[in-house]
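Each chain, letter by letter, is given below.
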Amino acid sequence: MVDARGLSCPMPVVMVQKEVNANKPSELEVLVDAKVCVENVTRYASSQGYDVKVVEKDGEFSMTLKKK
């Protein structure tokens, strides 16, 4: 899991990129608290072959990245 709540871009994308490069997970959960972070992480994840599901609750976003 990558918890990037409270961080502004590009840090959430950098954290996801490090996790993907280091561990090549088939599934990864990412927590962010800004819509722009959702958009940027989604763009990066898609470019790496992941499907992205986003659930918003109380202003926070839980993103589930699954390898295609």
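Scroll up for the structure.
Keep in mind it's a predicted model, so treat the numbers as computed, not measured.

1. Focus: helix α1 (residues 11-23)
- The end-to-end C-alpha separation of α1 is 18 Å, in line with the 18 Å expected for 13 residues at 1.5 Å each.
- Here α1 has its buried residues at P12, V13, V16 and V20. Seen end-on, α1 carries its buried residues on one side only, within an arc spanning 95 degrees. Exposed positions of α1 whose direction lies more than 90 degrees from the buried face are K18 and A22.

2. Section: the sheet that holds strand β1 (residues 2-3)
- One open sheet accounts for four strands, arranged β1-β2-β4-β3; its pairing is mixed. Two strands bound the open sheet, and with one partner strand each, they are β1 and β3 (50-57).
- With two bridges joining them, β1 and strand β2 (residues 27-32) adopt parallel strand pairing. Bridging across to β2, V2 finds its partner in V30.

3. Some details on the pairing of β3
- Here β3 pairs with strand β4 (residues 60-67) via eight bridges, running antiparallel. Bridging from a neighbouring strand, V52 pairs with L65 of β4.
- Two successive antiparallel strands, β3 and β4, enclose a turn made up of two residues, where D58 displays a positive phi of approximately 55 degrees.

4. Some points on the packing of α1 against helix α2 (residues 35-47)
- Relative to each other, α1 and α2 sit at 30 degrees, their axes nearing to 9 Å. Classed by the angle they form, the pair α1 and α2 counts as roughly parallel. Considering only the axes of α1 and α2, their crossing is right-handed. Residue-level contacts link P12, V13, V16, Q17, V20 and N21 of α1 to C37, N40, V41 and Y44 of α2.
- Of the residues in the contact of α1 with α2, the class split is seven nonpolar, three polar and no charged.

5. Considerations on unusual backbone geometry
- For the peptide bond that leads from C9 to P10, omega is 15 degrees, which places it in the cis range.
- Note that P10 resides in the loop between β1 and α1.
- Phi angles above zero are rare outside glycine, and D58 is one such case at about 55 degrees.
- Here D58 shows up in the loop between β3 and β4.

The rules behind these values
- One numbering rule holds for all chains: residues counted from 1, following each sequence as written.
- Only residues with pLDDT of at least 70 get local features here, since the model is predicted, and only at 80 or more are side-chain atom pairs given and counted; chain-wide, interface and lining totals rely on the full set of residues.
- No hydrogens and no water enter the side-chain calculation; it runs on all heavy atoms of the structure.
- Helix and strand definitions here come from DSSP, where helices need a minimum of 4 consecutive H or I residues and strands a minimum of 2 consecutive E residues; each element is numbered from the N-terminal end.
- Expected span of a helix: the number of residues minus one, times 1.5 Å.
- Burial classes: relative accessible area under 20% of the type maximum marks a residue as buried, over 50% as exposed, and values in between as partly exposed (1.4 Å probe, protein chains only).
- Summarising the geometry, the arc corresponds to the directions from the helix axis toward the C-beta atoms.
- When DSSP finds two or more bridges between a pair of strands, those strands are recorded as paired.
- Convention adopted: a line fitted to C-alpha atoms gives each axis, helices being fitted over their contacting stretch, and angles between N-to-C directions are expressed from 0 to 180 degrees.
- What sets the label is the angle itself: under 35 degrees gives roughly parallel, over 145 gives roughly antiparallel, 65 to 115 gives roughly perpendicular, and the rest give oblique.
- The handedness criterion is simple: a crossing whose near helix is rotated anticlockwise from the far helix by less than a right angle is left-handed, and one whose near helix is rotated clockwise is right-handed.
- Working rule for contacts: check all heavy atoms of both residues, and any pair within 4.5 Å makes them a contact.
- Note that Gly is not counted as nonpolar here; it falls among the polar residues with everything else outside the nonpolar set of Ala, Val, Leu, Ile, Met, Phe, Trp, Tyr, Cys and Pro and the charged set of Asp, Glu, Lys and Arg.

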